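Chain by chain, the residues run as shown.
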Amino acid sequence: MERSKAMKLNFDPALFIGGEWIATPDRIAVRDKYTGEVFGHAGRASRDLVERAVAVAERTFKTRSLHPYERYEILSAAARLLRERKDEVLRTMVAESGFTANDCLNDFNRCIQTLTVSAEEAKRITGELVPIQGAPGQDERRLAFTLRMPVGVVCAITPFNSPLNTVAHKVAPALAAGNTVVLKPASYTPFSAILLCRIMMDAGLPAGFLNLVFGSGSDVGQWLLEDQRILYYTFTGSTEVGRVIQQYAGLRRTQLELGNISATIVCADASLEAAADKCVGASFRKAGQVCTSVQRILVDAKVIERFADLLAQRTAKLKVGDPREADTFVGPMIDEKEAERAESWVSAAAGAGAKIMLGGKRNGALFAPTILRNVRPDMKVVCEEIFAPVISLIPFEDYDRAIEIANATPFGLSVGVFTNDVTRALGTIRRLQMGTIHINDTSSSRVDLMPYGGVKDSGFGKEGPRYAIHDMTEERLVTLNVI
Ligand code: NDP
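A quick note: this is a predicted structure, and the numbers were derived from the prediction, not measured.

Considerations on the pattern of salt bridges
By the definition in use, this model includes 34 salt bridges. Between Glu226 and Arg47 there is a salt bridge, and its shortest N-O distance comes to 2.7 Å. In this pair, Glu226 sits in helix H8 (residues 217-226) while Arg47 sits in helix H2 (residues 47-63), placing the two residues 179 residues apart along the sequence. Given a relative accessible area of 34%, Glu226 falls into the partly exposed group. Judged by its relative accessible area of 36%, Arg47 falls in the partly exposed class. A salt bridge links Arg124 to Glu121; its shortest N-O distance comes to 3.2 Å. On the basis of relative accessible area, Arg124 is assigned to the partly exposed category, the value being 48%. Linked by salt bridges that have partners in common, Glu120, Glu121, Lys123 and Arg124 make up one network.

Okay, here's the thing in structure tokens:
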């Protein structure tokens, strides 16, 4: 255990407003999620400071703008600086999130992509020519075209489970689009956001464009929702909080990336070994705390015994423990009480007849990767989002039934289908009510430049820099008569 590494991290309890770090008397203690030690404090915002952050963002939007090429240069420089600060960023992420070094490295590399692609897209914001002559009576010389304009102050509210890259997925496209930002990260993981803010400033972002406040959702989050100067909310988190945000937003626009109970379908004709390899990674990385983590694996009954064995053999080898050790695959959950919750759901399922094929054990915040069988649709392990390293194997007799089961939740973020029958896979994709459908990959596959977002209770609006920039700009139509 390298406790000293965590202890060396040094953050002042301060908020970043108008280009200055403002110390606050009130602080949030941040624990190393593996050792449990408090290794730093973030500043807790008062209502006055939240208002100040929004006021600065609004004033900056009204009085300064960045040329698209400047936005490109700043975001490109930020990607370079991030690469240079790798050690500091990775140590911080591992300590505050408890995610393994490997999971953090993956997020780190993806974040470089998110910044780079956002930089590129800043140069490509464009409207379109509207063929107005297509309407009867229009002068052939009349022109109509659209422009895309930034919306104004964007508020980004982010979850603990991707403390760097999800923050970047909000902030970088917002800035690339020409907006100003007030960011409120999760209280569990404030420090990666501080590092990203420092990087943006060192990359040349002028004061006022990015402002950072900390505090719990129930007060600081709530004050941000009440502030009518904010014109756009970009949120990733639970569906429950997403509903609150939408209620307060009213006619203001939002992008909501919410929960899911992710399914991956394994057909009898699939390459079972490849499917098992991918499912293990997609179920247990980040201790299952990913919105697209595989929670339900729907397997053709003809091959379920074989697939279950392949999955169990692989899962049994996963090391659970200290996230700083290079070979650890499953680190602690974000909080012991979350691991207790997962444990209670698994125990309740077992009590009602489910079979624990592997795992099911908890040690503090560590929860062993768990495979369940014989589950029923009304068990919490399959009918609620577990957000823990727990999967249920569910047999199906025919593919239509697998589609029905995959769709039978209030959510619709993402699904995976393993099959070698491309005709069947493509012929049925329209029946999967999901934002993303991956064939021969799991529900948890993602490339940062893709459009990413859900349907149904998984939210709406898209991440992925090009698509987020589109969401975070508004269209103006211009017509020109020649008279
Ligand atoms: P939460 O919804 O609990 O929190 C997310 C953020 O919202 C935090 O910053 C939190 O602040 C803030 N918040 C909480 N209450 C309010 C409120 N009333 N008003 C404004 N802000 C508020 O989610 P978790 O952090 O627990 O993340 C897990 C959830 O996120 C899962 O459901 C998961 O599926 C979803 N998720 C979705 C993703 C997607 O892309 N669709 C990706 C990742 C996660 P604080 O915590 O500081 O109180």
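What follows picks up the thread again.
Observations regarding the side chain of Thr158
With respect to the helices and strands, the residue Thr158 is situated in the loop between strand S6 (153-157) and helix H6 (165-176). In this structure, Thr158 is in contact with Thr166, Val167, Lys170, Leu183, Lys184, Pro185, Ala186 and Thr236, ignoring residues within four places of it in sequence.

Re unusual backbone geometry
If you check the backbone angles, Phe387 has positive phi at about 50 degrees while not being a glycine. Its place among the elements puts Phe387 in the loop between helix H13 (380-383) and strand S19 (390-396). Even without glycine at this site, Asn440 takes up a positive phi of about 60 degrees.

As for the nonpolar core
Among the nonpolar cores identified, the biggest contains 90 residues, and Leu115 and Met200 are the most heavily contacted of them. The element that contributes the greatest number of residues to this core is helix H7 (residues 191-202), accounting for 9 residues. Those residues in contact with Met200, other than ones at most four positions away along the chain, are Ile74, Leu75, Ala78, Leu115, Val171, Leu175, Leu205 and Leu210. Listed in part, the 57 residues of the second largest apolar core include Leu298, Val299, Val303 and Val381.

As for the pairing of strand S18 (residues 370-373)
Alternating positions in S18 separate into two faces, Thr370 and Leu372 on one and Ile371 and Arg373 on the other, with burial throughout. Of the pairings in the sheet, the one linking strand S15 (residues 355-358) to S18 comprises 3 bridges and is antiparallel in character. Its bridge partner being in S18, Leu358 is matched across the sheet by Ile371. Relative to S19, S18 is paired through 3 bridges, and the arrangement is parallel. Bridge pairing in S19 links Ile371 to Ile391.

Focus: the packing of aromatic side chains
By the definition in use, this model includes 6 aromatic pairs. Taking the centre distance of 4.2 Å and the plane angle of 5 degrees together, the rings of Phe11 and Phe191 count as stacked. Of this pair, Phe11 sits in the loop between helix H1 (3-7) and strand S1 (14-17) while Phe191 is found in helix H7, placing the two residues 180 residues apart along the sequence. When sorted by exposure, Phe11 lands in the same class as Phe191, which is buried. Ring centres 5.6 Å apart and planes at 70 degrees place the aromatic pair Phe39 and Phe191 in the edge-to-face group.

Description of the site of the ligand
Taken together, 27 residues lie near the ligand, and Thr158, Ser187, Ser238, Leu258 and Glu385 sit nearest. Contact between the ligand and Gly217: an oxygen atom at 2.8 Å from a main-chain N or O atom of the residue. Take Ser238: an N or O atom from its side chain is 2.6 Å from an oxygen atom of the ligand. Alone, the ligand offers 910 Å² of accessible surface; in the complex the protein occludes 84% of this. Residue assignment for the shell around the ligand shows that the elements contributing at least two residues are H8 and strand S9 (230-236). For the shell around the ligand, the element with the highest residue contribution is H8, accounting for 3 residues. Each residue belonging to the shell around the ligand can be placed in one class, and the counts come to 13 nonpolar, 11 polar and 3 charged.

Some remarks on a nonpolar patch on the surface
A cluster of nonpolar side chains, Leu129, Leu143 and Leu480, forms an exposed patch at the surface whose accessible area comes to about 290 Å². Mapping Leu480 onto the fold places it in strand S25 (residues 473-480). Residue Leu480 is classed as partly exposed on the basis of its relative accessible area, which comes to 45%.

Let's talk about the packing of helix H4 (residues 86-97) against H7
Between H4 and H7, whose axes approach to 9 Å, the crossing angle comes to 155 degrees. Classified by the angle their axes make, H4 and H7 are roughly antiparallel. Here Glu88, Val89, Thr92, Met93 and Glu96 of H4 lie close against H7, whose contacting residues are Phe191, Ser192, Leu195 and Arg198. Counted by class, the contact of H4 with H7 contains 4 nonpolar, 2 polar and 3 charged residues.

Reading guide: rules and limits
Along every chain, residues carry numbers that run from 1 in the direction the sequence is written. Given that this is a predicted model, residues contribute local features only at a pLDDT of at least 70 and side-chain atom pairs are listed and counted only at 80 or more, while totals for whole chains, interfaces and linings are drawn from all residues. Only hydrogens and water are set aside when side-chain values are computed; all heavy atoms of the structure are taken into account. Salt bridges are defined by distance alone: a side-chain nitrogen of Lys or Arg within 4 Å of a carboxyl oxygen of Asp or Glu. In this description a helix means any DSSP run of H or I spanning at least four residues, a strand means any run of E spanning at least two, and both kinds are numbered starting from the N terminus. Here the term buried applies to any residue with accessible area under 20% of the maximum for its type, exposed to any over 50%, and partly exposed to those in between, with areas from a 1.4 Å probe on protein chains only. Contacts: residue pairs with any heavy atoms within 4.5 Å of one another. To form a nonpolar core, buried Ala, Val, Leu, Ile, Met, Phe, Trp, Tyr and Cys residues must be joined to one another through side-chain atoms within 4.5 Å. In this analysis, strands are considered paired if DSSP registers two or more bridges between them. Here the aromatic set is Phe, Tyr and Trp, taking the six-membered ring for Trp, and pairing holds for ring centres within 6.5 Å; pairs whose planes are under 30 degrees apart are stacked, those over 60 apart are edge-to-face, and all others are tilted. In these notes, residues near a molecule or strand are those with any non-hydrogen atom within 4 Å of it. N or O atoms within 3.5 Å of each other form a polar contact, as long as, within protein, one can give a hydrogen and the other can take it, and as long as residues adjacent in sequence are counted only when both atoms are side-chain atoms. Under the convention used here, a 1.4 Å probe and the Shrake-Rupley method define accessible areas, while residue burial counts only the protein chains that appear. Ten residue types, Ala, Val, Leu, Ile, Met, Phe, Trp, Tyr, Cys and Pro, are classed as nonpolar, four, Asp, Glu, Lys and Arg, as charged, and the remainder, Gly among them, as polar. Patch criteria: residues need more than 30% relative accessible area and no salt bridge. Like-charged residues are merged within 9 Å; nonpolar side chains of Val, Leu, Ile, Met, Phe, Trp and Tyr are merged within 5 Å. Structural elements are reduced to axes, namely lines fitted to C-alpha atoms, with helices fitted over the stretch in contact, and the angle between N-to-C directions of any two is expressed from 0 to 180 degrees. Here the angle decides the label: under 35 degrees means roughly parallel, over 145 means roughly antiparallel, 65 to 115 means roughly perpendicular, and every other value means oblique.

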